[in-house]
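Residue-level structural notes
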Amino acid sequence: DQQVKQNSPSLSVQEGRISILNCDYTNSMFDYFLWYKKYPAEGPTFLISISSIKDKNEDGRFTVFLNKSAKHLSLHIVPSQPGDSAVYFCAASGYSGGGADGLTFGKGTHLIIQP
Amino acid sequence: EPEVTQTPSHQVTQMGQEVILRCVPISNHLYFYWYRQILGQKVEFLVSFYNNEISEKSEIFDDQFSVERPDGSNFTLKIRSTKLEDSAMYFCASSERTAYTEAFFGQGTRLTVV
């Protein structure tokens, strides 16, 4: 049961162009979404997050868009740089009344930035 | 910059043996987590820990798993009797508050059960 789906296992983008990574979710209880970046042999690194009360959050080159009605979010990276080559995980959480909730991760999208 | 540290980076163990994976969360963080990633699969939540007790656990976190915060700095994951399918990367994470803030992950421990 994939509650968070990243349907593109990989994405190749030219340096300087925009990278768009997509994520869909099925659980309507999710109300906080995060993007993590992961290099080989390292743990995931937090990138950017968005609460369900917003539809956009921007931090430098990174912007996350949330479409609640479509249960879809996307991460835009512009301009893309070689150091952005990594696996990007979409993650979601939702308050279940039990306190700290674990994150539900998608399978990840491997972003490759071509020179 | 403060970071979550995990030891060892790689652990090889025989099936049926007990293993303890260790983590030092970021010092002012109050919430601690264990996740695992089986090779080629997604990162999966195992357990969260707050105020010296388990706050939430997933279906994966069965009776062979336990967590402990033995002192003020360490956070451990024990697997009592390892199985081949326990082979995975295990990530520890911590956050200041709930999962509504970003969790910071350690670099992971690669567990290989033979």
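For the structure itself, consult the block above.
Since the structure is predicted, the reported quantities are computational estimates derived from the model, not experimental observations.

Some words on the state of the cysteines
Every disulfide links exactly two cysteines, by a covalent bond between their sulfur atoms. Scanning the entire structure with this criterion turns up 2 disulfides over all chains. Shown here is the disulfide that connects C23 of chain A with C90 of chain A, its sulfur atoms set 2.0 Å apart. Taking the sign of the S-S torsion, about -75° here, the bridge from C23 of chain A to C90 of chain A comes out left-handed. In this pair, C23 of chain A sits in strand β3 (residues 19–25) while C90 of chain A sits in strand β9 (residues 86–93), placing the two residues 67 residues apart along the sequence. One exposure class covers both C23 of chain A and C90 of chain A, and it is buried. Through a disulfide, C23 of chain B is tied to C92 of chain B; the S-S separation comes to 1.9 Å. Here the S-S torsion is close to -65°, and the disulfide linking C23 of chain B with C92 of chain B is therefore left-handed. Here the residue C23 of chain B occupies a position in strand β3 (residues 19–24), and C92 of chain B occupies one in strand β9 (residues 88–95), the gap between them amounting to 69 residues. C92 of chain B gets classed as buried once you look at its relative accessible area, which sits at 0%.

Conventions adopted
Residues numbered from 1 in each chain as written. Chains lettered and ligands numbered in written order. Predicted model: local features only at pLDDT ≥ 70, side-chain atom pairs only at ≥ 80, totals over all residues. Heavy atoms only, no water. Disulfide = S-S within 2.5 Å. Helix = DSSP H or I, 4+ residues; strand = E, 2+ residues; numbered from the N terminus. Buried < 20%, exposed > 50% of the residue type's maximum accessible area, 1.4 Å probe, protein only.

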